[in-house]
Amino acid sequence: MTAKILHGDKIADKYRKQIANDIRQRTKQGYRPPVLAVILVGDDPASTIYVRNKRRVCEEVGVNSIDHNLSANISQIELIALINKLNDDPEVDGILVQMPLPKQINPDAILEAIDPEKDVDGFSPYNLGRLAQGRPHLRSCTPAGVMLLLQETATNLPGKVATVVGTSNIVGKPMLLELLLAGCTITACNKRTVDLASAVKRADILVVAVGQQNLIKGEWIKPGSIVIDVGMNRRDDGTLTGDVEFAAAKERAAWITPVPRGVGPMTITCLMNNVLLANINQQLKESA
Ligand code: GUN
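Conventions and cut-offs
- Every chain is numbered on its own, with residues counted from 1 as its sequence reads.
- Where totals are concerned, whole chains, interfaces and linings use all residues; where local detail is concerned, this predicted model gives features only for residues with pLDDT of at least 70, and gives and counts side-chain atom pairs only at 80 or more.
- By convention in this description, side-chain values take in all heavy atoms of the structure and omit both hydrogens and water.
- A run of DSSP states H or I qualifies as a helix once it reaches four residues; a run of E qualifies as a strand once it reaches two. Both are numbered from the N-terminal end.
- Radius of gyration: C-alpha atoms only; globule rule: 2.2 Å multiplied by the number of residues to the exponent 0.38.
- Two residues qualify as a contact provided that any one of their heavy atoms is within 4.5 Å of a heavy atom in the partner residue.
- Using a 1.4 Å probe, accessible areas were evaluated by the Shrake-Rupley method; residue-level cover was limited to the displayed protein chains.
- Charged-residue counts in this description rest on Lys and Arg as positive and Asp and Glu as negative, His and the chain ends being excluded.
- Note on charges: their place is set at NZ of Lys, CZ of Arg, CG of Asp or CD of Glu.
- Burial here depends on accessible area, computed with a 1.4 Å probe over protein chains only, as a share of the maximum for the residue type. Under 20% is buried, over 50% is exposed, and the range in between is partly exposed.
- Note on geometry: axes are lines fitted to C-alpha atoms, helical ones only across the stretch in contact, with angles between N-to-C directions running from 0 to 180 degrees.
- Under this scheme an angle from 65 to 115 degrees is roughly perpendicular, one under 35 degrees roughly parallel, and one over 145 degrees roughly antiparallel; angles in between are oblique.
- Throughout, a crossing is termed right-handed when the near helix is turned clockwise from the far one, and left-handed when it is turned anticlockwise from it by less than a right angle.
- Residue type decides the class: Asp, Glu, Lys and Arg count as charged, Ala, Val, Leu, Ile, Met, Phe, Trp, Tyr, Cys and Pro as nonpolar, and the leftover types, Gly among them, as polar.
- Only a single heavy atom is needed: when it lies within 4 Å of a molecule or strand, its residue is near that molecule or strand.
- N or O atoms closer than or at 3.5 Å make up a polar contact, with two conditions inside protein: a donor-capable atom paired with an acceptor-capable one, and, for residues adjacent in sequence, both atoms drawn from side chains.
- Only when DSSP finds a minimum of two bridges between them are two strands counted as paired.
- When the strands point away from the viewer and the path from the first strand over the helix to the second turns clockwise, the crossover is right-handed.
- The salt bridge definition used is simple: a Lys or Arg side-chain nitrogen within 4 Å of an Asp or Glu carboxyl oxygen.

Visitor: A description of the overall build of the protein chain should follow, citing residues and the corresponding values.
Guide: Looking only at helices and strands, the protein chain has 10 helices and 11 strands in total. A globule of 288 residues ought to have a C-alpha radius of gyration of about 19 Å, and the protein chain, at 19 Å, matches this closely. When the backbone C-alpha atoms are referred to their principal axes, the protein chain occupies close to 55 × 45 × 35 Å. Partitioning the contacts of the protein chain with sequence separation of at least 6, the portion at a separation of at least 24 is 72%. Accessible surface, the protein chain: about 13,400 Å² in total, of which carbon and sulfur atoms supply 52%. Averaging the positions of the 33 positive and the 31 negative side-chain charges in the protein chain gives two centres separated by 5 Å.

Right under this line is the structure:
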């Protein structure tokens, strides 16, 4: 079997057009467009590229992005003061603090400082807790994007065996919760899991988010399964690759995401969707 490719860029484009259309319709009805505050601390090259991409998609769908480019030396207190100001600003719908942060800043303290109603990354304890209770509010963007990719495969998810490799707070854990909510039987693994091969071999749905090139061997892939590779690693020649041995896995899976242009575009699309939701909620609050 040769897998069908889940082209995240094309699928993301379809959803972005819908979001742009919703924003246009709301603007015609007299609502103000969604506003996203984007905070970048320092000049980490990867973060700078991610933020540039997010700002470009904001423009594409009609979200106003307000840039806050801060010095790498900023203190935690100063950053929290800015977040508090944005929390209190009724003209700001979403707040995104690009991770990772410099070492003088505790990322957990920052994520807790963001008003959960403006936490468009879906990273706050409140939003993760809501997902854990099976009643999501603003959902973590990468796992939400993966669920849209799974929808494209028209697979009946309840009862399927789903293995997630990588258990970070921003991808692996919310991914497990999304799959649980969809009725899957879930297994949480990390790169140190003893006999990772067995856990992968029984997966009807495999999601890998570790950040280690070739961690998942092609021969471990269950024939006919869905393989979602969230990994983003740079080869020595500068090109990008995921965590799964793509060429070999493609010969066994039914569906597989490429890297790049697989999961990445879906993450930004779900971010835009969250900004629109936060904007709608904010305006409902104002009119109540
Ligand atoms: N760093 C890596 N991925 C992300 C993301 O999705 N959001 C934020 N804020 N930072 C990140």
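Once you've had a look at it, read on.
Visitor: Break down the environment of leucine 240 for me, with residues and values.
Guide: Within the secondary structure, leucine 240 sits in strand β10 (residues 240-241). Leucine 240 gets classed as partly exposed once you look at its relative accessible area, which sits at 25%. When the C-alpha atoms of leucine 240 and isoleucine 39 are compared, they prove to be 25 Å apart, with 201 residues separating the residues in sequence.

Visitor: Residues and numbers for the packing of helix α6 (residues 141-152) against helix α7 (residues 172-181), please.
Guide: Between two packed helices, both the angle of their axes relative to each other and the distance between the axes serve to describe the pair. At a closest axis distance of 9 Å, the pairing of α6 and α7 adopts a crossing angle of 40°. On the basis of their axis angle, the class for α6 and α7 is oblique. Remark: the crossing between α6 and α7 carries right-handed chirality. Seen from α6, the contacting residues are Pro143, Ala144, Val146, Met147 and Leu150; seen from α7, they are Pro174, Met175, Glu178 and Leu179. In terms of residue class, the contact of α6 with α7 is made up of 8 nonpolar, no polar and 1 charged.

Visitor: Describe the site of the ligand, listing the residues and the values that go with them.
Guide: In the neighbourhood of the ligand, the contacting residues comprise Lys54, Leu96, Val97, Gln98, Met99, Asp121 and Phe123. At a separation of 2.8 Å, a nitrogen atom of the ligand approaches a polar backbone atom of valine 97. Contact distances for the ligand include 3.3 Å between a nitrogen atom and a side-chain N or O atom of glutamine 98. For the ligand, the protein covers 81% of the area, taking 280 Å² as the surface of the free molecule. Looking at the shell around the ligand residue by residue, the class counts come to 4 nonpolar, 1 polar and 2 charged.

Visitor: Got a sec to walk through the pairing of strand β5 (residues 161-165)? Specific residues and values, please.
Guide: Burial runs high along β5: 4 of the 5 residues are buried. Pairing analysis gives 5 bridges linking β5 to strand β6 (residues 185-189), with the strands arranged parallel. Looking at the pairing, valine 164 lines up with alanine 188 of β6. Of the crossover connections in this fold, the one passing from β5 over α7 to the parallel β6 is right-handed. Note: β5 against strand β7 (residues 205-208), 4 bridges, orientation parallel.

Visitor: Would you mind going over the pattern of salt bridges in detail, with residue names and values included?
Guide: All chains considered together, the criterion is met by 9 salt bridges. Residue glutamate 60 is joined to arginine 16 by a salt bridge in which the shortest nitrogen-to-oxygen separation is 4.0 Å. Placement of the pair is glutamate 60 in helix α2 (residues 45-61) and arginine 16 in helix α1 (residues 8-28), with a sequence separation of 44 residues. When the shortest N-O distance is used, the salt bridge between aspartate 204 and lysine 222 registers 2.7 Å. With aspartate 204 in the loop between α8 (196-201) and β7 and lysine 222 in the loop between β7 and β8 (226-229), this pair connects stretches of sequence that are 18 residues apart. One salt-bridge network, held together by shared partners, links Arg16, Arg56 and Glu60.

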